Amino acid sequence: MLKAALAIAFLGHAICGITDCMMAYTKDGRFEFSDVKDPEKMRKVFANMPMKQLELAMLVGIAALFMASIGYVGVSLRIAETMPTAGYAMLIASLFFTVLISAHHVLCGAVEWFFVKLGRTEEALNAVVLFFKRTSAAAIAYLGLLVFAVLFFILVITGQTELPRWACVFNTFPAFLALALTKIPAKGNIANAFMFLGLFFLF
């Protein structure tokens, strides 16, 4: 049962990573958050962005994050069998992450959707940037992921789980740090997918 949950979670994060790329890449270039300071660059990047692509990215992303949540729940409950306090803390943190990150994923897509829908004007850009700032609190979701990852890392590296200590490398925390300085897109989803793929072969 746990292996199935881990496989589903791996696929979920892999698919979510693809939807992130669907939002970030257009026929005219790659969108970076720093681009919002340059209306002309924004107009150029999103000049030919299909609305359907953004809509699909948002909807598929939600389904993918639901798939990912199954893995977090599975790992947390496995830990809870021998360490209830740590396991349930991981469970609460992971649910906090997956619920709020789903909202954040949609909000990010909505910002792009409305910018394109409203004609890619400077006024539209100002409006969607304001919208994003006022809904950015959903990004607190990453705090839940951090709690899950750090707790899991500590438990594994200190030998408190059935996994070998070296298995601590299969964790979002060190994987994301390794990717942080690269220009690879969807770093968070790659790090999470890496964790679940490794755990699939270890549990």
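This is a predicted model, so every value here is computed, not measured.

Can you walk me through the overall build of the protein chain in this structure?
Check the secondary structure of the protein chain and you find eight helices and two strands. Beginning at the N terminus, the succession of helices and strands in the protein chain can be written as α-β-β-α-α-α-α-α-α-α. Whereas a compact globule of 203 residues would reach a radius of gyration of roughly 17 Å, the protein chain reaches 18 Å, a difference of no more than 12%. The buried share of the protein chain, taken over its 203 residues, is 43%. Excluding contacts between residues fewer than 6 apart, the proportion of contacts in the protein chain whose partners are at least 24 apart in sequence is 70%.

Explain the layout of surface pockets here, please?
Unoccupied space between atoms shows up once a probe the size of one water molecule is rolled over them. The space that makes up the largest pocket amounts to roughly 1100 Å³. Along the walls of the largest pocket sit 38 residues, with Asp20, Phe33, His104, Tyr142 and Ala186 positioned nearest its centre. Of all the secondary structure elements, the ones that give two or more residues to the lining of the largest pocket are helix H1 (2–24), helix H4 (84–117), helix H5 (122–135), helix H6 (141–157), helix H7 (172–179) and helix H8 (187–202). Take the lining of the largest pocket: its biggest share by element is eight residues, from H4. Residues of the lining of the largest pocket, tallied by class, amount to 25 nonpolar, seven polar and six charged.

I tried to follow the packing of aromatic side chains on my own but got confused; where do I start?
Both the distance between ring centres and the angle between the ring planes are used here to describe each pair of aromatic rings. Tallied over the full model, the rule gives twelve aromatic pairs. Ring centres 5.8 Å apart and planes at 75° place the aromatic pair Tyr72 and Phe97 in the edge-to-face group. Within this pair, whereas Tyr72 is found in helix H3 (residues 51–80), its partner Phe97 is found in helix H4, the two being separated by 25 residues in sequence. No difference in accessibility class separates Tyr72 from Phe97, as the two residues are buried.

Sorry, what's going on with the nonpolar core here?
In terms of nonpolar packing, the biggest core is built from 29 residues, with Tyr72, Val75, Ile79, Phe152 and Leu199 touching the most fellow members. Of all the secondary-structure elements, those providing two or more residues to this core are H1, H3, H4, H6 and H8. Once residues within four sequence positions are removed from consideration, Ile79 is found in contact with Ala86, Gly87, Met90, Phe152, Leu155 and Thr161. Counting 16 residues, the second-largest nonpolar core is a separate cluster that includes Met23, Leu54, Val111 and Val116.

Please clarify how the pattern of salt bridges should be interpreted in this entry.
One pass over the structure, following the stated rule, counts four salt bridges. Between Arg30 and Glu32 there is a salt bridge; the shortest N-O distance is 3.3 Å. On the basis of relative accessibility, which here comes to 25%, the residue Arg30 falls in the partly exposed class. Taking relative accessible area as the criterion, Glu32 reaches 35% and is therefore assigned partly exposed.

In this structure, what is going on with the environment of Met90? I would like to understand it.
In this structure, Met90 sits in helix H4. When the C-alpha atoms of Met90 and Phe148 are compared, they prove to be 4.8 Å apart, with 58 residues separating the residues in sequence.

The rules behind the values
- Residues numbered from 1 in each chain as written.
- Predicted model: local features only at pLDDT ≥ 70, side-chain atom pairs only at ≥ 80, totals over all residues.
- Heavy atoms only, no water.
- Helix = DSSP H or I, 4+ residues; strand = E, 2+ residues; numbered from the N terminus.
- Rg over C-alpha atoms; globule rule 2.2 N^0.38 Å.
- Buried < 20%, exposed > 50% of the residue type's maximum accessible area, 1.4 Å probe, protein only.
- Contact = heavy atoms within 4.5 Å.
- 1 Å grid on protein atoms, 1.4 Å probe; cavity = no way out; pocket = protein on both sides within 12 Å on 5 of 7 lines; lining within 4 Å.
- Points joined across faces, edges and corners; volume = space filled by probe spheres on them.
- Nonpolar A, V, L, I, M, F, W, Y, C, P; charged D, E, K, R; others polar.
- Phe/Tyr/Trp six-rings, centres within 6.5 Å; stacked < 30°, edge-to-face > 60°.
- Core = buried A, V, L, I, M, F, W, Y, C linked by side-chain atoms within 4.5 Å.
- Salt bridge = Lys/Arg side-chain N within 4 Å of Asp/Glu carboxyl O.

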